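Structural features, examined
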Amino acid sequence: MKNQICILLGIVALVGANAPGFAADQPATAPPPAKPAQASDNPPMVPPAAAGVFSVQTKGNRLHLTVTGHKFTTRAEIEKYLAYRAAELTLAQKGSWFTFVEARAKADTVPVPKRDPSGPRYSFRMEYWRPVWRYKTAGNSAWMNWSPFSGAAFFADGKDPKTISDFEASADIVVHKGQMDDTQPLAFEAGAVSDLLINQVSPPQP
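All values reported here derive from a predicted model rather than from experimental measurement.

Definitions and limits used
Residues numbered from 1 in each chain as written. Predicted model: local features only at pLDDT ≥ 70, side-chain atom pairs only at ≥ 80, totals over all residues. Heavy atoms only, no water. Helix = DSSP H or I, 4+ residues; strand = E, 2+ residues; numbered from the N terminus. Buried < 20%, exposed > 50% of the residue type's maximum accessible area, 1.4 Å probe, protein only. Contact = heavy atoms within 4.5 Å. Salt bridge = Lys/Arg side-chain N within 4 Å of Asp/Glu carboxyl O. Expected span 1.5 Å × (residues − 1). Phe/Tyr/Trp six-rings, centres within 6.5 Å; stacked < 30°, edge-to-face > 60°.

Some words on the overall build of the protein chain
- Each helix and strand counted, the protein chain has four helices and seven strands in total.
- When the helices and strands of the protein chain are placed in sequence order, the string is α-α-β-β-α-β-β-β-β-β-α.
- Burial status across the protein chain gives 33% buried among its 206 residues.
- In the protein chain, the proportion of contacts linking residues at least 24 apart, taken out of those at least 6 apart, comes to 77%.

Here's what the structure looks like:
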């Protein structure tokens, strides 16, 4: 009798050791649903400009680009932003390059850049990106016009440019497709300009 009880207890212990535990009987918990991607998760590298800061007008075969603001930083920063937008507009229109159209007057003294077929080849030459400006200074309601082709200094009255209270920089471009004319110093390869400036620019403050 004692041997039968021992055998019975051994069988029960063996069955219990091999039985699946309580946790294994429960259904597996489903992972939480993935969070849908939001537009803000991948913001553009260059944020959009506030209303009224950047504008584009079509004038015949040209695009007239204008940056307007009240918080002046530096001439270089604002002109680079304008060049970046010119490149992005060219790409958006399925173009591959654009030419900068100089806004010259009869009295201008800066030489016109000439083609150089035997010269070095570049995808663009930023020294030839020269927008025209107009601005107001604090306490002065009159607009001052400035051209990079006039030979005059950008801010020639001896004051700090930070006194500029309103400004407007503008440039005209013509969008082109196909192979770039690299003998033209006013030609700019849109993709190369965008790649250079995308980490350097941000929209001026309104």
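After that view, the rundown keeps rolling.
Description of helix H4 (residues 190-197)
- For H4, the set of buried residues is Ala 190, Ala 192, Val 193, Ser 194 and Leu 197.
- Of the surrounding secondary structure, the elements contacted by the buried residues of H4 are helix H3 (75-92), strand E3 (97-101) and strand E7 (187-189).

Remarks on the pattern of salt bridges
- Counted according to the given criterion, the structure contains six salt bridges.
- Here Arg 75 makes a salt bridge to Glu 79, at a shortest N to O gap of 2.8 Å. Of this pair, Arg 75 and Glu 79 are both found in helix H3, four residues apart, which corresponds to roughly one turn of the helix.
- On the accessibility criterion, Arg 75 (29% relative accessible area) is partly exposed.
- Residue class for Glu 79 comes out buried when judged on its relative accessible area of 8%.
- Its salt-bridge partner being Glu 168, residue Arg 134 comes within 3.3 Å of it at the nearest N-O pair. Taken together, the positions of Arg 134 in strand E4 (residues 132-137) and Glu 168 in strand E6 (residues 164-176) put the pair 34 residues apart, joining distant regions of the chain.
- In this structure Arg 134 comes out as partly exposed when scored by relative accessible area, which is 29%.
- In this structure Glu 168 comes out as partly exposed when scored by relative accessible area, which is 23%.
- One network of salt bridges, with partners in common, ties together Glu 102, Arg 104 and Arg 130.

A look at the side chain of Thr 137
- Along the chain, Thr 137 falls in strand E4.
- Sequence-distant contacts of Thr 137, that is, excluding residues within four places in its chain, are made with Phe 155, Thr 163, Ile 164 and Ser 165.

Some thoughts on H3
- With 18 residues, H3 extends 26 Å from end C-alpha to end C-alpha; this agrees with the ideal 26 Å at 1.5 Å per step.
- Listed in full, the buried residues belonging to H3 are Ile 78, Glu 79, Tyr 81, Leu 82, Ala 83, Tyr 84, Ala 86, Ala 87, Leu 89 and Thr 90.
- Taken together, the buried residues of H3 touch strand E1 (54-59), strand E2 (62-69), E3, E4, E6 and H4.
- Lys 94 sits one or two positions beyond H3 and adopts a positive phi of about 65 degrees.

A word on the packing of aromatic side chains
- Enumeration according to the criterion identifies 13 aromatic pairs in this entry.
- Here the aromatic rings of Phe 72 and Phe 167 are separated by 6.0 Å at their centres, their planes lie at 80 degrees, and the arrangement is edge-to-face. Of this pair, Phe 72 sits in the loop between E2 and H3 while Phe 167 is found in strand E6, placing the two residues 95 residues apart along the sequence. With respect to class, Phe 72 is no different from Phe 167; both count as buried.
- Their ring planes at 85 degrees and their centres at 5.1 Å tell us that Trp 146 and Phe 154 sit as a pair that is edge-to-face.

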